[in-house]
Each structure stands twice: as C-alpha cells, then as structure tokens.
Amino acid sequence: MDLTKAILPDTVEVDGRHYQIHTGHSYWFRFSQLLGGKRYLSEFDHLYIGDMPEDRQAGFQALAGFYQETKEVPRTEGEPGDRVIDYEIDSDLIYAAILQCYGVDLAEKQIHWHKVRAMLAGIIGTRMNDIISYRSASDTKNKEIQRMKRIWALPVEESEEDKERLAAFAAQFHNAQF
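Residues numbered from 1 in each chain as written. Predicted model: local features only at pLDDT ≥ 70, side-chain atom pairs only at ≥ 80, totals over all residues. Heavy atoms only, no water.

### A few points about the overall build of the protein chain
Link 1 in the chain: For the protein chain, the helix and strand inventory stands at seven helices and two strands.
Link 2 in the chain: For the protein chain, the sequential pattern of α-helices and β-strands runs β-β-α-α-α-α-α-α-α.
Link 3 in the chain: In the protein chain, which comprises 178 residues, the share counted as buried stands at 28%.
Link 4 in the chain: When the accessible surface of the protein chain is totalled, it reaches about 12,400 Å², and 52% of it is carbon and sulfur. (Helix = DSSP H or I, 4+ residues; strand = E, 2+ residues; numbered from the N terminus. Buried < 20%, exposed > 50% of the residue type's maximum accessible area, 1.4 Å probe, protein only. Areas by Shrake-Rupley, 256 points an atom, 1.4 Å probe, with all protein chains shown as cover.)

Here is the structure:
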C-alpha cells in the first residue's frame with residue numbers, strides 16, 4: 001500500500017494504457033482461487049470494468065502485480081517457506097480476525113484489496129495468528145507444536161506435472177486386465 005498517494009489504485013497499466021479494475025476484496029479472493037491449475041486468461045476478465053487489454057497475458061501480469069504488491073521486506077532467505085495462509089480455506093478465520101481487530105465486517109461492504117492485505121498483515125491476538133504460528137513453526141522437538149502444525153497444515157498443491165502423472169497412472173490402472 002503506497003501511503004504517499006492520495007487515493008488507492010483502481011487501474012492497472014498495460015502497454016502504457018490504464019484499465020479500470022474492481023478493487024473490492026471479494027474479487028481478489030476469487031483471483032487467488034483462480035490462480036491454481038490451468039486457467040484461460042479470459043477467466044480473469046471479470047476484474048476489468050469496461051475496456052480490457054488486447055494482450056491478455058500482459059493484462060494478467062498487471063493484475064497479478066496489483067494482487068501481490070512487491071515488497072522490500074520481509075526478505076526470504078533461500079527457498080520460500082511453506083504457505084501459511086490460504087484465502088479460501090482460511091476465509092472464516094480471516095473474516096473473524098479482521099472483524100475482531102478492526103471492527104470491519106467484510107460481508108457488509110467491499111473493501112479495497114490493498115486495505116484488506118494491510119489489515120491481514122497487522123492482525124494480532126487472533127485465532128488466525130495462532131494458526132499462522134503453527135503452520136510456520138520450525139520447532140521439531142515440541143510434540144504439541146508438531147501436532148498442531150500437522151492439524152492446521154494447508155493441503156499440498158500438486159504441480160501440473162504431478163497431476164498428469166497421476167492421471168496417466170489412473171488410466172493405466174483402469175485399462176489393466178486382471
């Protein structure tokens with residue numbers, strides 16, 4: 001979130017032209033759902049208001065930049081860690097955390113996506129914080145922390161290659177004669 005600007009962005013720039021977009025949180029939670037798996041670029045058209053770029057790939061890159069702003073900190077060392085939040089799976093916890101910390105009811109009105117991300121970054125003392133702590137814990141000696149980490153772990157996302165291998169295996173199994 002750039003606090004040096006008088007208003008939050010409501011456009012993305014593609015090939016030197018600005019395109020107006022929906023900025024409400026529900027659109028961007030949906031965007032996060034669409035990111036998994038193979039998708040058609042046209043599935044992201046609902047984010048535009050009016051005109052949309054001809055170059056859909058460049059448009060998608062601009063939308064992704066709006067969704068996940070590049071930040072200087074925190075820096076990751078080496079490989080990025082495990083995912084600690086999933087906007088779909090954790091939706092109830094996110095809703096409750098924002099309501100608890102800020103008194104903002106995400107079901108009542110649309111909040112600019114950058115505001116929601118900033119609120120999430122600043123939540124304290126909520127169940128969501130506890131779960132993020134479990135998911136990011138590296139204590140391998142504490143059995144209770146290990147147990148909570150397993151209980152609250154997010155599902156592992158399969159790569160497209162893994163999905164194709166599994167489908168090929170299932171097809172071989174299905175065609176096998178016993």
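### Regarding the side chain of R117
Link 1 in the chain: For R117, the location among the structural elements is in helix α4 (residues 113–122).
Link 2 in the chain: Among the residues examined, R117 registers a relative accessible area of 17% and is labelled buried.
Link 3 in the chain: A polar contact is formed between the side chain of R117 and the backbone oxygen of Y67, at a distance of 3.4 Å. (Polar contact = N/O pair within 3.5 Å; in protein donor to acceptor, adjacent residues only side chain to side chain.)

### A short note on unusual backbone geometry
Link 1 in the chain: Despite not being glycine, D15 has its phi angle at roughly 50°, a positive value.
Link 2 in the chain: Checked against the element boundaries, D15 lands in the loop between β1 (11–14) and β2 (17–20).

### With respect to the environment of R135
Link 1 in the chain: Residue position: R135 is located in helix α5 (residues 127–136).
Link 2 in the chain: Overall, the relative accessible area of 5% leaves R135 in the buried class.
Link 3 in the chain: Note: C-alpha distance between R135 and M148 (13 residues apart in sequence) is 8.0 Å.
Link 4 in the chain: The residues touching R135, leaving out its near neighbours within four places in the chain, are R83, V84, I85, D86, D90, M128, K149, W152 and L154. (Contact = heavy atoms within 4.5 Å.)

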